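Here is how the chains run, residue by residue.
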Amino acid sequence: MKSCWKKRELTFLTLYALLFYIIIIRRSLQISHDYHHKVSGLRPGWLADQLNDASDAQWRNFRGNLPVLTAVFGIFAFVAYMLRVYCQLKARGMAVVWLLISLIYLTYLHGACIIFILSIASANFLIVKLFARTKYFSSALWVFNLFFLIYNRVHGGYSFSSFGQHWAYLDNFRGTFRWHICFNFVILRMISFGYDYHWAHHGSHFDQKGFDVCISLGTEPFWKHIQRCHICKAGKVCYLHLQERSVPNDKFSFSIYLCYLVYAPLYISGPIISFNAFASQFPDLDMPQNNYSVRDVSWYGLRWLFSLFLMELMTHLLYYNAFAISGLWKQLSPMDVFIIGYGVLNFMWLKFFLIWRYFRLWSLICGIEAPENMPKCINNCYNLESFWKNWHASFNKWLVRYMYIPLGGSQRKLLNVWVIFSFVAIWHDLEWKLLSWAWLTCLFFVPEMILKSLANTFQAESSFGEFIFRELSAVAGAVTITCLMVANLVGYVIGPSGINWFISSFLQKEGLPVLGGMFMTFYVGTKGLKFTDIVGGIADKS
């Protein structure tokens, strides 16, 4: 009886989801068609005389430079492969090759501004070597890197003329890409190198026997990780193992450190890889990484091409981001506002998915495995913790390892999230809307952590108790998704000044039914995702 009811419930949830997406896509097509002459950022497209939404500068630049990037990385990979095979270069030789290739790449990107990058990186290396064995290490490392994180942004990457007029001519050779934007990733790598070197000389901050290895926002025994990790089961070494295992002292050389900071395939946007994980793969640079076969990498690339095709369909048919950039959605009905807001978040997810996977693909081809940044679709996350584990996941791993654990881990969880998300906002840019996003996220995070802690202590001892628990979990998931949607729209679209308008539009007579329907949809979606997780867990155990 219970099994039959669950099948019926799952059928209902599936049909509801299908109906939801049919309504969303149909209405999105309609408003994109009706308002295309009013929104800005549309350009002539290639699909059946449709206009293309090129309103997002980041996606527009990536898409426009895709042929050049592919040709450049193709040449880099080919040159590295030929030198490895015909010159029989081993780890040290390949390290020098990749360092030279990466410096050529940086010179093209930043021109003479590469001097700033190398100067700050050299100073950081010196600070790490001087303070690593002292109690002032963490303070020195963070003060140095936070100073340049903020100072670079405030001054827009400096000008050579500020160091004297005899250097002013170098301002004419600043390259094609602003160096201080990419340098945010370099700062994360400099901190990673510092802490990995510090821990290598003070004993790992994790128990190497595996009784306190951090997984995302918590800890789990390492032997449990080995049991569920298909890579470890196959007798190979997974990324987590590479990250947590200290490397020999000779790997902390200046050449490997510099190569790690500017490694071409991951330089512009990541994924973010720890120094330990990068240096651990250096002995194998005379041969490609072995967790992904040629077939796996080829399939990974084909999936990326299919995702690119989906993005092309979205930007040619659904002008979500153009509505957001134009501010035109303020003239729409609450139902259409919800559709545009939901569409913008999906556009953002697919944009970052494509950018990050593109550079990870080239890193795999060139022999270095980096963590996946978008392992899960945004529509498959029904709580904040799950969302942040799967949105820019490599950054999440970095934050846990180098901020969350040193700050006290789960013992100070409620306090740590405020510090971490404030850093994340500043790291992205010095804007009030990003700080608003960070603090809103923290505000929504606190009740979720409290409820999750209470839920973990609750044990359903009857079918009715299990039913109540599932219903309350679904309601909590609906609230969380709503809050997550609002926080991200404030941070990346409407800004803090638009909060009052956004909320008031849904509290009017016309907006209340939409708000109720939106909440009901998220409630049903959460129940469906929980069913999927249960089925997936059973499949994994079998």
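Let us look at the structure shown here. (Residues numbered from 1 in each chain as written. Predicted model: local features only at pLDDT ≥ 70, side-chain atom pairs only at ≥ 80, totals over all residues. Heavy atoms only, no water.)

## Regarding the side chain of Ser274
Here's step 1: Relative to the helices and strands, Ser274 resides in the loop between α11 (264-267) and α12 (275-280).
Here's step 2: Every residue in contact with Ser274, bar those within four places of it in the chain, is listed here: Ser192, Asp196, Tyr239, Gln243, Tyr260 and Tyr402. (Helix = DSSP H or I, 4+ residues; strand = E, 2+ residues; numbered from the N terminus. Contact = heavy atoms within 4.5 Å.)

## Topic: the packing of aromatic side chains
Here's step 1: According to the stated counting rule, one finds 56 aromatic pairs in the structure shown.
Here's step 2: Ring geometry for Phe20 versus Phe338: centroids 6.5 Å apart, planes at 55 degrees, classification tilted. In this pair, Phe20 is assigned in helix α1 (residues 2-35) and Phe338 in helix α15 (residues 334-366), connecting sequence segments 318 residues apart. Each of the two residues, Phe20 as well as Phe338, counts as buried.
Here's step 3: Judged by centre distance (5.0 Å) and plane angle (20 degrees), the rings of Phe352 and Trp356 are stacked. Here Phe352 pairs with Trp356, and both are found in helix α15, just four residues apart, close to one helical turn. Here Phe352 matches Trp356 in class, with each residue buried.
Here's step 4: Through pairs of rings, three or more aromatic residues link up here, namely Trp98, Phe125, Phe193, Tyr197, Phe252, Phe254, Tyr257, Tyr260, Tyr263, Phe275 and Phe278.
Here's step 5: For Lys351, the ring lying beneath its charged end belongs to Phe352, and the centroid distance is 4.4 Å. (Phe/Tyr/Trp six-rings, centres within 6.5 Å; stacked < 30°, edge-to-face > 60°. Buried < 20%, exposed > 50% of the residue type's maximum accessible area, 1.4 Å probe, protein only. Lys NZ or Arg CZ within 6 Å of the ring centre and 35° of its normal.)

## Considerations on the nonpolar core
Here's step 1: By size, the foremost hydrophobic cluster in this structure holds 160 residues, and its most contacted members are Trp98, Tyr105, Phe338, Trp398 and Phe423.
Here's step 2: Sorting elements by how many residues they give to this core places α15 first, with 20 residues.
Here's step 3: Contact partners of Trp98, with chain neighbours within four places excluded, come to Phe76, Ala80, Cys259, Tyr263, Ala264, Pro265 and Cys366.
Here's step 4: By size, the runner-up hydrophobic cluster in this structure holds five residues, among which are Cys229, Cys232, Cys238 and Leu240. (Core = buried A, V, L, I, M, F, W, Y, C linked by side-chain atoms within 4.5 Å.)

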